[in-house]
Amino acid sequence: MELNLSNFSGQTAAENQKHNRVLILGSGPAGLSAALYAARADLEPLVLTGMELGGQVSLTFAVDNYPGFPEGISGADLVERFQKQAERFGAIIEFDTATQVDLSKRPFKVQTYGATYLADAMIIASGANARHLDIPGEKELTGRGVSYCATCDAYFFKEKNVIVVGGGDSALEESLFLARFVQSVSIVHRRDELRAGAILQSEAKKNPKIKFFLNTVLTEITGTEAVTGVRMKNVITGEESQLPVDGVFVFVGHTPNTQLFEGQLELDPAGYIMSDTLMRTSVPGVFAAGEAADPHYRQVITSAGMGAAAAMQANHFLENAAREENEEVSYA
Ligand SMILES: Cc1cc2nc3c(=O)[nH]c(=O)nc-3n(C[C@H](O)[C@H](O)[C@H](O)COP(=O)(O)OP(=O)(O)OC[C@H]3O[C@@H](n4cnc5c(N)ncnc54)[C@H](O)[C@@H]3O)c2cc1C
């Protein structure tokens, strides 16, 4: 009996195995900036977009902190420009998602739903996701008063009243930052004590603009065009209440999209890819950029910068590998 090696698209496994010098996983600011730099180094990079073309920022209506756009720009327009610029120099954008990787030897192997890709070097820019509250109103009002980034959005809430959800270091750091702009910050935390460090707690407690609702959860974010308020519930007494606010900032953690690399790359305890200042990971030839490797800055500009750096390092890696191969050939 003959084995049928065709996949669902009718191609054989061998036809569907594509070899690239540089494969970039992710089409957010880090992945597309890496693509631009790798393309300009003549490496014809291939970008696997994943499910979210353009990455997280494509969800936001206004990016006001990316230099070069004094009037601001929507996230979708910004990443579309990133993509066009990378394509202009030969980057190939493939609408596909990696489902499995093998980084144990070169060429590295990446399996997607429809193909197998081989790559001499890889840049992982698979990003992260802010954890959500999953309550009514959150999704509908994201970008209309619901935010996951004070650095990005505090400016829009000058003299307004906002809620911060969370009790860890980020929640308190971001609350202190927000307090410089807003009229009031109400921190809502589900437990009876905050998890943030003692110094941050004492600074927040001293700030007259910040107040606390402990043992409390949000049950709904209300508003149609924009956030107008929240419904809350005390988890001890069950008492329900409402608070009129203009914004809700959610800081209940981030999850890096790095599950694919468990056991293959060194990850920190939170799952971020461990990398050095040259974007190198624990596997030579595999570089990491953007939020998949950055629990600190989480911005378009920092992610883009990491992407550019990773591409320059990938180029350096390939040049050295080519030199070594040439030397071996001439030696032999
Ligand atoms: C609502 C919102 C508003 C924001 N506003 C601003 C702002 O105004 N200014 C600012 O500087 N920052 C802002 N940020 C933060 C900014 O979006 C991020 O810092 C930035 O997008 C991170 O870029 P990244 O490329 O590292 O990852 P991401 O943008 O997270 O992109 C990850 C990419 O990896 C892909 N991917 C994931 N898994 C796979 C896989 N298995 N195979 C292939 N691809 C995969 C995804 O499809 C995606 O394309 C905002 C974030 C949000 C959520």
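Anything mentioned here points back to the structure above.
Residues numbered from 1 in each chain as written. Predicted model: local features only at pLDDT ≥ 70, side-chain atom pairs only at ≥ 80, totals over all residues. Heavy atoms only, no water.

A. Fine view of the overall build of the chain. Tallying secondary structure elements over the chain gives 6 helices and 17 strands in all. With respect to the three principal axes, the spread of C-alpha positions in the chain is 75 × 50 × 40 Å. Buried positions account for 47% of the 332 residues belonging to the chain. In the chain, 58% of the contacts between residues at least 6 apart in sequence involve partners at least 24 apart. Total accessible area on the chain is roughly 17500 Å²; 51% of this is exposed by carbon and sulfur atoms. Looking at the chain, you have 27 positive and 41 negative side-chain charges, and the mean spots of the two groups are 5 Å apart. (Helix = DSSP H or I, 4+ residues; strand = E, 2+ residues; numbered from the N terminus. Buried < 20%, exposed > 50% of the residue type's maximum accessible area, 1.4 Å probe, protein only. Contact = heavy atoms within 4.5 Å. Areas by Shrake-Rupley, 256 points an atom, 1.4 Å probe, with all protein chains shown as cover. Lys, Arg positive; Asp, Glu negative; His and termini not counted. Charge placed at Lys NZ, Arg CZ, Asp CG, Glu CD.)

B. Spatial organisation of the nonpolar core. Of all hydrophobic cores here, the largest spans 57 residues; its most connected members are Met-122 and Ile-123. For this core, the element with the most residues is helix 6 (residues 300–331), which contributes 8 residues. Beyond its immediate chain neighbours, meaning those up to four positions away, Met-122 contacts Leu-23, Leu-25, Leu-103, Phe-108, Val-110, Gly-285, Val-286 and Phe-287. Judged by nonpolar contacts, the second largest core, of 21 residues, contains Leu-176, Ile-187, Ala-196 and Phe-249. (Core = buried A, V, L, I, M, F, W, Y, C linked by side-chain atoms within 4.5 Å.)

C. Expanded view of the site of the ligand. Around the ligand lies a shell of 32 residues, among which Thr-49, Glu-52, Gln-56, Glu-291 and Val-300 are the nearest. A distance of 3.2 Å is found between an oxygen atom of the ligand and a backbone nitrogen or oxygen belonging to Pro-29. Residue Glu-52 places a main-chain N or O atom 2.7 Å away from an oxygen atom belonging to the ligand. Relative to its unbound accessible area of 1000 Å², the ligand is 93% covered by the protein chains. (Near = heavy atom within 4 Å. Polar contact = N/O pair within 3.5 Å; in protein donor to acceptor, adjacent residues only side chain to side chain.)

D. Summary view of the sheet that holds strand 15 (residues 247–250). Strand order in this open sheet of 5 strands is 8-15-9-10-11, and the pairing throughout is parallel. A strand with exactly one partner marks an edge of an open sheet, and here the two such strands are strand 8 (146–147) and strand 11 (210–213). Pairing of strand 9 (residues 161–165) with strand 15 involves 4 bridges; the strand directions are parallel. Each residue of the ladder has a partner; that of Val-164, found in strand 15, is Phe-249. (Pairing = 2+ DSSP bridges.)

E. Quick look at the state of the cysteines. Applying the stated criterion to the full structure yields 1 disulfide. In this model Cys-149 forms its disulfide with Cys-152; the gap between the sulfur atoms is 2.1 Å. Taking the sign of the S-S torsion, about 75° here, the bridge from Cys-149 to Cys-152 comes out right-handed. (Disulfide = S-S within 2.5 Å.)

F. Representation of the packing of aromatic side chains. A complete count under the given rule lists 7 aromatic pairs for this structure. Between the aromatic rings of Tyr-66 and Phe-69, the centroid separation amounts to 6.4 Å while the plane-to-plane angle is 35°, which identifies the pairing as tilted. We classify Tyr-66 as buried; its relative accessible area is 19%. Here the aromatic rings of Tyr-155 and Phe-181 are separated by 6.4 Å at their centres, their planes lie at 70°, and the arrangement is edge-to-face. A residue pair is termed long-range when its members are at least 10 positions apart, and Tyr-155 in the loop between helix 3 (150–153) and strand 9 and Phe-181 in the loop between helix 4 (169–179) and strand 10 (184–188) qualify at 26 residues. Residue class for Tyr-155 comes out exposed when judged on its relative accessible area of 55%. (Phe/Tyr/Trp six-rings, centres within 6.5 Å; stacked < 30°, edge-to-face > 60°.)

G. Molecular detail of the sheet that holds strand 14 (residues 240–244). The 3 strands are arranged 12-13-14 in an open sheet whose pairing can be described as antiparallel. Because the sheet does not close on itself, it has two edges, and the strands there are strand 12 (216–222) and strand 14. Between one strand axis and the next, the sheet turns through 25° on average, direction left out of account. Bridge count between strand 12 and strand 13 (residues 229–234): 6 bridges; the pairing is antiparallel. (Axes fitted to C-alpha atoms, helices over the stretch in contact; angles between N-to-C directions.)

H. Highlighting unusual backbone geometry. Put simply, Arg-106 and Pro-107 share a cis peptide bond, and its omega is -5°. With respect to the helices, strands and loops of the structure, Pro-107 is situated in the loop between strand 4 (98–102) and strand 5 (108–112). With a phi close to 70°, Met-279 is a non-glycine residue in the positive phi region. Position of Met-279 relative to the elements: it lies in the loop between strand 16 (254–256) and strand 17 (286–288). Under the relative-accessibility criterion, Met-279 is labelled buried at 11%.

I. Layout of the side chain of Ser-27. In this fold, Ser-27 is placed in the loop between strand 1 (17–25) and helix 1 (29–40). A relative accessible area of 2% places Ser-27 in the buried class. Residues in contact with Ser-27, not counting those within four places in the same chain, are Leu-32, Val-47, Leu-48, Thr-49, Glu-52, Leu-53, Gly-54 and Gly-55.

J. Local environment of the packing of helix 4 against helix 5 (residues 198–206). Between helix 4 and helix 5, the shortest axis-to-axis distance is 10 Å and the interhelical angle comes to 35°. For the pair helix 4 and helix 5, the crossing hand works out as left-handed. For the pair helix 4 and helix 5, contact is made by Asp-169, Leu-172, Glu-173 and Leu-176 and by Leu-200, Gln-201, Glu-203 and Ala-204, respectively. Here the contact of helix 4 with helix 5 is composed, by residue class, of 4 nonpolar, 1 polar and 3 charged. (Left-handed = near helix turned anticlockwise from the far one by under 90°. Nonpolar A, V, L, I, M, F, W, Y, C, P; charged D, E, K, R; others polar.)

K. Just the environment of Thr-224, in detail. Among the structural elements, Thr-224 can be located in the loop between strand 12 and strand 13. Thr-224 gets classed as exposed once you look at its relative accessible area, which sits at 71%. Here the alpha-carbon distance between Thr-224 and Glu-140, two residues 84 residues apart in the chain, equals 8.3 Å.

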